[in-house]
Protein chains: 2
Amino acid sequence: MTTLTTTDPRTGVTVDTDITATSAETVAQIAARSGEAFRDLRSRPREWRAGLLRALADGLEERREALIGAAASETGLAEARLNGELSRSAFQFRIFADAVEDGGYLEAIIDHASETPLGPGPDVRRMLVPIGPIAVFGASNFPFAFSVVGGDTASAIAAGNPVVVKAHSSHPVTSQRSYDALTAAANAYGAPNGTFGIVYGQQAGSALVADPHITAVGFTGSLHTGKILQGIIDERPTPIPFFGELSSLNPLVASSGAVAARAEAIGEGLFGSVTGSAGQLCTKPGIAFVPAGPAGDAVVSDIVARAESAAAQTLLNSRIHGAFDDIRARLIDEGGARSLVAPRTGDAGFSLSPAVLEIDAPDVTPAVAEEAFGPLVVLVRYREIDEVRRAIELVPRSLTATIHTEPDEVDTRAALTDAVEDLVGRIVYNGYPTGVRVAWAMNHGGPWPATNTQHTSVGVTAVRRFLRPLAWQDAPEEVLPEELRDGSADIPRRVDGVLHLAAE
Amino acid sequence: MTTLTTTDPRTGVTVDTDITATSAETVAQIAARSGEAFRDLRSRPREWRAGLLRALADGLEERREALIGAAASETGLAEARLNGELSRSAFQFRIFADAVEDGGYLEAIIDHASETPLGPGPDVRRMLVPIGPIAVFGASNFPFAFSVVGGDTASAIAAGNPVVVKAHSSHPVTSQRSYDALTAAANAYGAPNGTFGIVYGQQAGSALVADPHITAVGFTGSLHTGKILQGIIDERPTPIPFFGELSSLNPLVASSGAVAARAEAIGEGLFGSVTGSAGQLCTKPGIAFVPAGPAGDAVVSDIVARAESAAAQTLLNSRIHGAFDDIRARLIDEGGARSLVAPRTGDAGFSLSPAVLEIDAPDVTPAVAEEAFGPLVVLVRYREIDEVRRAIELVPRSLTATIHTEPDEVDTRAALTDAVEDLVGRIVYNGYPTGVRVAWAMNHGGPWPATNTQHTSVGVTAVRRFLRPLAWQDAPEEVLPEELRDGSADIPRRVDGVLHLAAE
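Just so you know, these numbers come straight off a predicted model, no measurement behind them.

### Examining the overall build of chain A
And then number 1: Across its full length, chain A carries 13 helices and 23 strands.
And then number 2: Its C-alpha atoms give chain A a radius of gyration of 24 Å, near enough to 23 Å, the size a compact globule of 504 residues would have.
And then number 3: Expressed as lengths along the three principal axes of its C-alpha atoms, the size of chain A is roughly 75 × 65 × 40 Å.
And then number 4: For chain A, the residues scored as buried account for 58% of the 504 residues in total.
And then number 5: In chain A, of all internal contacts separated by at least 6 residues, the share reaching a separation of at least 24 is 74%.

Here's what the structure looks like:
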């Protein structure tokens, strides 16, 4: 059995863990147990599931200290950031509990039997139902909010599915402790065995995706790994949905009015967004359009000064650390960018200080629009909005676009909104795309390669990924889910074409 | 240029049309024009689009005679059936117009800026937006309702997208006339050029799916062709969603109580459902579980008698006609089914009479659960519900399952419902799965290989396939869609977590 190691990126020191890679046989057992748990879970009422979600949130917070401790030494992320992330993960379980109680996510619809222009129509009732065991692949950069206890897990459980997590190799101990927290809370609550499972190691992850009990995969990570997992799915006798959040450049545009009015504020905000969590956020603005000329120069100077005086930051692992220099070299050699600030390596571990590059808008090609995970931004200097419009089309589709304008720049704002509307999943005005609010309306998704689906992975509507519609035709009342029976309902429903709110 | 031919399946006679296969160059032009139309269409208000959908419905009905004439000689389907199908297609455009006006499909959500347990949260507003030009591949068996003027086209237009149709090779003239009807109505209404496009020929279809302007594909057809199209998508630099309705066996189960109470009615109903439209419906019950013993024997005898005295029916084309015998032979040779009634070939064209096969439930394997397009049913004789449960798991996942029971058989009904719930997209009680009602609640989809997604292709919620979420963060009012502005709205919206109905 292969013993897994864990590395502290702050020091670069690697030690053995007490975790071993999961064998193919064990993966099959875990997946089968997940399949059994599904038959139990799908029959539980919504109130029960809302209670489970809240119990999971409480269970997480009870183990906060042990979880943060493990995550700090496995990710190098600051404790304040990790504390916030754990709170966010608990909050996610709780907001999904609210959504499950609300029941709107079921999209319940009733069409009674009636005469129609096409003749007599039968009684048809439809709602969304859970799809089965979900495999969740966590990301290295969010050891809680996009990992074992993250949004994919919370939304899959909210939908009524069991979850089997593939632990990320960068934080195996954090993953194990997270899984222990979930199972302890679930067991105490009375959830069936197999509600949660976890597997370790790359081969186990591949076996999990190929397992016939698994009905969908949630993934946050690189385009490269995403394509490998999609390839495994394509080889399955029964293909399954793959929800991947894969890559994002997150262009930001500052108008001439904005840089004239608040160069320093934009410099500070943009630099903070580029370097927060050492630039390892999927919504980091990796390319920013700044006007040519003195007002734009002021923004650039501000960012350059901040980068030159910034301390080295710790990156998550040696792979990211190693790739950073390669990508930066490509942006210069193949992309034609000028280096304004070169990164400096820190004293220990996988560390470096921020890098700033610059290019003129007419010179932008796809070669200068490659995502660099880490504290790096390419500043694109433009003379007119049409230059932005042309260049931004060459940036890969992203999770977000950000537009900074002054209140009176109505036409510029409209033109920029029009330019980015088809390219991204969220448009941010006079703010920064990092710090994704967990809310009902949030969208964290976008056209390929940002994601590969028409769904979000953050916010309440993320639950839709793990549901499918089921219709009952002329069904006797006793076989219908309670939510679809005649009479007043505690959920919103569309009845004979008319939407009704939940009864008080 | 290759001239397309058309064949009358009633006679087998093939003649030239005045249609030529579309060149790769022309496909590219059509797709580019579609991309231009999208930028216009996505900015139109909902009321405009509802009006367009109603104009398309009217335009179809105005050309009813010419359309039915072409379809009758290209499909061999009866005129009554074709008339009903055209009415259904017009109805689909109109119900989508209602849905567009209603606006619930936008899933509009507003979260105002507020303090949250995680700190101050920005204002976030989200709704669904159209995704871009949609390629639609029609099916041979529904020359209207699942072809040029079918549900994929109607739902894509309802969502706000332009459509480029690949005409089915079995009914090119019907396709051309359908396209002419749509474009005449759209032009008269003032829709932009490029709202509709059409391409002819297999190579043109492949080029269409590969074209960079196309953002999603709707397909109804065989698993085989579906996999080819998916393969083309996988080779694209930018993969796109593929919504395929691919294959379905539609198991039906009659309980011992049901066959004891109404053997003849079940025989008549099942035979009608198996042979309607010559058995060429995606929801045809291809496998039916009937109790062993005298009461079940009565159902079987009834079906056998009907099949033996039935006239030959015309199949859609020579490929389906040729495959029918091959599949039937496999069901017997490899599946172990007994032939109760062998099909007789008719006097002319691609015709044959119904085939009935039988097998005992313990002998069921996947080899006897292959879809045979045409008038064929496999009757599975069972002794107890557990035999049904085991055998039905070996049937490929389907669009529908049908359960016939008597009112007092509560436990049987519950057990059968539980057995099929994870396997299909619609459960029909004491009825038949053919004759899919176009309604808000309908679900026409199911787990692989019934479809490859978690969506329906019939009913109002089919529109979700051609939409994606977009969020606006801290957006000034003037860049927001009207539907997301503060104040009263004419659509349902969730505001700060609470669902509100449309203002009167």
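Now that the structure is up, let's keep going.
### Re the domain arrangement of chain A
Residue and element names in this part refer to chain A.
And then number 1: Domain annotation of chain A identifies domain 1 (22-246 + 454-467) and domain 2 (252-429).
And then number 2: Contacts between the two partners involve 8 residues from domain 1, matched on the other side by 8 residues from domain 2.
And then number 3: Residues that form the side of domain 1 that touches domain 2 fall into these classes: 1 nonpolar, 5 polar and 2 charged.

### Here's the deal with the relation of the copies chain A and chain B
And then number 1: With an axial shift of 0.0 Å and an RMSD of 0.0 Å, the rotation relating chain A to chain B amounts to 180°. What the superposition gives is, in effect, a two-fold axis relating one chain to the other. In terms of proximity to the rotation axis, the leading residue of chain A is Leu-501 of chain A, whose C-alpha is 3.7 Å off the axis.
And then number 2: A high fraction, 98%, of the interface residues of chain A reappear at the interface in chain B, so the copies pair face to face through one surface.

### Details of helix α7 (residues 202-210) of chain B
And then number 1: Every buried residue of α7 of chain B is accounted for by Ala-204, Gly-205, Ala-207, Leu-208 and Val-209 of chain B.
And then number 2: Contacts made by the buried residues of α7 of chain B are with α1 (24-41), β7 (134-137), β8 (163-166), β9 (196-199), β10 (216-220) and α8 (223-235) of chain B.

### What about the interface of chain A and chain B?
And then number 1: Between chain A and chain B, the residue contacts involve 61 residues of the former and 60 residues of the latter.
And then number 2: Secondary-structure elements contributing two or more residues to the side of chain A that touches chain B are α4 (79-102), β3 (108-111), β6 (124-130), α13 (410-420), β20 (424-429) and β21 (467-473) of chain A.
And then number 3: Here the residues of the side of chain A that touches chain B are counted per class, giving 31 nonpolar, 17 polar and 13 charged.
And then number 4: In this structure, β20 of chain A lies alongside strand β21 (residues 467-473) of chain B, joined through 3 bridges in parallel fashion. Note that in β21 of chain B the partner of Arg-426 of chain A across the bridge is Ala-471 of chain B.

### Thoughts on the sheet that holds strand β15 (residues 338-341) of chain B
And then number 1: One open sheet holds the 12 strands; their spatial order is β23(A)-β22(A)-β3(A)-β6(A)-β21(A)-β20(B)-β19(B)-β12(B)-β13(B)-β18(B)-β17(B)-β15(B), and the pairing between them is mixed. Both outer strands of the open sheet, β23 (498-500) of chain A together with β15 of chain B, are each paired with one neighbouring strand and no more. Each strand axis lies, on average, 20° off the axis of its neighbour in the sheet, ignoring direction.
And then number 2: Here β15 of chain B pairs with strand β17 (residues 355-360) of chain B via 3 bridges, running antiparallel. Bridging across to β17 of chain B, Val-341 of chain B finds its partner in Val-356 of chain B.
And then number 3: Against the sheet, helix α10 (residues 294-309) of chain B touches β12 (252-254), β13 (287-291), β15, β17 and β18 (376-382) of chain B, its axis set at about 135° to β13 of chain B.

### Description of the nonpolar core
And then number 1: Core analysis: the biggest nonpolar cluster contains 314 residues, and Leu-53, Phe-96 and Val-380 of chain A together with Leu-53, Phe-96 and Val-380 of chain B have the highest contact counts within it.
And then number 2: Sequence-distant contacts of Val-380 of chain A, defined by excluding residues within four places in its chain, comprise Ile-287, Ala-288, Phe-289, Val-290, Ile-359, Ala-361, Val-364 and Ala-391 of chain A.

### So, the sheet that holds β7 of chain B
Strand pairs in the sheet, formed through backbone hydrogen bonds, run parallel or antiparallel to each other.
Residues and elements named next belong to chain B.
And then number 1: With parallel pairing, 5 strands are arranged side by side in an open sheet as β9-β8-β7-β10-β11. Each edge of the sheet is formed by a strand with only one pairing partner; in this case those strands are β9 and β11 (242-245). For this sheet, the mean inter-axis angle between neighbouring strands, taken without regard to orientation, is 15°.
And then number 2: Sheet analysis places β10 next to β11, joined by 4 bridges and oriented parallel. Each residue of the ladder has a partner; that of Gly-218, found in β11, is Phe-243.
And then number 3: Along the sheet, α7 makes contact with β7, β8, β9 and β10, crossing β8 at roughly 150°.

### Thoughts on the pairing of strand β3 (residues 108-111) of chain B
Working note: regular strand, side chains alternate between the two faces of the sheet.
Residue and element names in this part refer to chain B.
And then number 1: Every second residue of β3 is oriented toward a common face, with Ala-108 and Ile-110 on one face and Ile-109 and Asp-111 on the other, all of them buried.
And then number 2: For β3 and strand β22 (residues 493-495), the ladder comprises 3 bridges, and the chain directions are parallel. Residue pairing for β22: Ile-109 is matched across the bridge by Arg-494.

### Comments concerning the environment of Phe-324 of chain A
Residue and element names in this part refer to chain A.
And then number 1: Relative to the helices and strands, Phe-324 resides in helix α11 (residues 318-333).
And then number 2: With 22 C-beta atoms counted inside 10 Å, the residue Phe-324 sits in the buried group.
And then number 3: Sequence spacing of Phe-324 and Ile-95 is 229 residues, and the spatial spacing of their C-alpha atoms is 36 Å.
And then number 4: Every residue in contact with Phe-324, bar those within four places of it in the chain, is listed here: Leu-315, Leu-352, Ala-372 and Gly-374.

### A short note on the packing of helix α2 (residues 46-62) of chain A against α4 of chain A
Residue and element names in this part refer to chain A.
And then number 1: Here α2 crosses α4 at 170°, and the two axes come no closer than 8 Å. Here α4 runs roughly antiparallel to α2, going by the angle between their axes. Along the contact surface, α2 presents Arg-46, Glu-47, Arg-49, Ala-50, Leu-53, Arg-54, Leu-56, Ala-57, Leu-60 and Glu-61, while α4 presents Leu-86, Ser-89, Ala-90, Phe-93, Arg-94, Phe-96, Ala-97, Val-100 and Glu-101.
And then number 2: In the contact of α2 with α4, the residues fall into 11 nonpolar, 1 polar and 7 charged.

### What to know about unusual backbone geometry
And then number 1: The step from Trp-448 of chain A to Pro-449 of chain A runs through a cis peptide bond, and the omega angle for that step is 5°.
And then number 2: The phi dihedral of Asn-250 of chain B falls on the positive side, at around 55°, and the residue is not glycine.
And then number 3: A positive phi angle is found at Asp-496 of chain B, which is not glycine, with a value near 50°.
And then number 4: On the secondary structure map, Asp-496 of chain B appears in the loop between β22 and β23 (498-500).
And then number 5: Assessed through the 13 C-beta atoms surrounding it within 10 Å, Asp-496 of chain B is described here as partly exposed.

### Comments concerning the environment of Pro-375 of chain A
All names here are of chain A.
And then number 1: Structurally, Pro-375 can be placed in the loop between β17 (355-360) and β18 (376-382).
And then number 2: Separated by 96 residues in sequence, Pro-375 and Gly-279 place their C-alpha atoms 4.1 Å apart.
And then number 3: For Pro-375, the residues in contact, after removing those within four places along its chain, are Val-274, Thr-275, Ala-278, Gly-279, Gln-313, Pro-354 and Ala-355.

### Brief notes about the environment of Ala-329 of chain A
All names here are of chain A.
And then number 1: Residue placement: Ala-329 occurs in helix α11.
And then number 2: Judged by C-beta crowding, with 12 C-beta atoms within 10 Å, Ala-329 ranks as exposed.
And then number 3: In the structure, Ala-329 is positioned 10 residues away from Ser-339 in sequence and 9.6 Å away in space, judged by C-alpha atoms.

### Focus on the pairing of strand β7 (residues 134-137) of chain A
Residues and elements named next belong to chain A.
And then number 1: Where burial is concerned, the two faces of β7 agree: the one with Ile-134 and Val-136 and the one with Ala-135 and Phe-137 are both buried.
And then number 2: In terms of strand pairing, β7 meets strand β8 (residues 163-166) through 4 bridges, oriented parallel. Paired with Phe-137 across the strands is Lys-166, a residue of β8.
And then number 3: Each parallel crossover has a hand, and the one from β7 via helix α5 (residues 151-159) to β8 is right-handed.
And then number 4: In this sheet, strand β10 (residues 216-220) lies alongside β7 in parallel orientation, the contact comprising 4 bridges. Within β10, the position partnered with Ala-135 by the bridge is Val-217.

### Thoughts on the confidence of the model for chain A
And then number 1: Confidence in the prediction for chain A averages 97 pLDDT; 100% of positions are at 70 or higher.
And then number 2: With a pTM of 0.97, the predicted complex shows an ipTM of 0.97.

### Digging into the packing of helix α3 (residues 64-75) of chain B against helix α6 (residues 172-189) of chain B
Residue and element names in this part refer to chain B.
And then number 1: As a packed pair, α3 and α6 sit with axes 8 Å apart at the nearest point and diverge in direction by 160°. On the basis of the axis angle, α3 is roughly antiparallel to α6. α6 is crossed by α3, and the crossing has left-handed handedness. In contact with Ala-66, Leu-67, Ala-70, Ala-71 and Glu-74 of α3, α6 contributes Val-173, Thr-174, Arg-177, Ser-178 and Ala-181.
And then number 2: Of the residues belonging to the contact of α3 with α6, the class tally is 6 nonpolar, 2 polar and 2 charged.

What counts, and at which threshold
Residues numbered from 1 in each chain as written. Chains lettered and ligands numbered in written order. Predicted model: local features only at pLDDT ≥ 70, side-chain atom pairs only at ≥ 80, totals over all residues. Helix = DSSP H or I, 4+ residues; strand = E, 2+ residues; numbered from the N terminus. Rg over C-alpha atoms; globule rule 2.2 N^0.38 Å. Buried ≥ 20, exposed ≤ 12 C-beta atoms within 10 Å, placed from the backbone. Contact = placed C-beta atoms within 7 Å. Domains from an automatic or database assignment. Nonpolar A, V, L, I, M, F, W, Y, C, P; charged D, E, K, R; others polar. Least-squares fit on C-alpha atoms with pLDDT ≥ 70 in both. Pairing = 2+ DSSP bridges. Axes fitted to C-alpha atoms, helices over the stretch in contact; angles between N-to-C directions. Core = buried A, V, L, I, M, F, W, Y, C linked by C-beta atoms within 7 Å. Parallel < 35°, antiparallel > 145°, perpendicular 65-115°, else oblique. Right-handed = clockwise from strand over helix to strand, strands pointing away. pLDDT = per-residue confidence, 0-100. Left-handed = near helix turned anticlockwise from the far one by under 90°.

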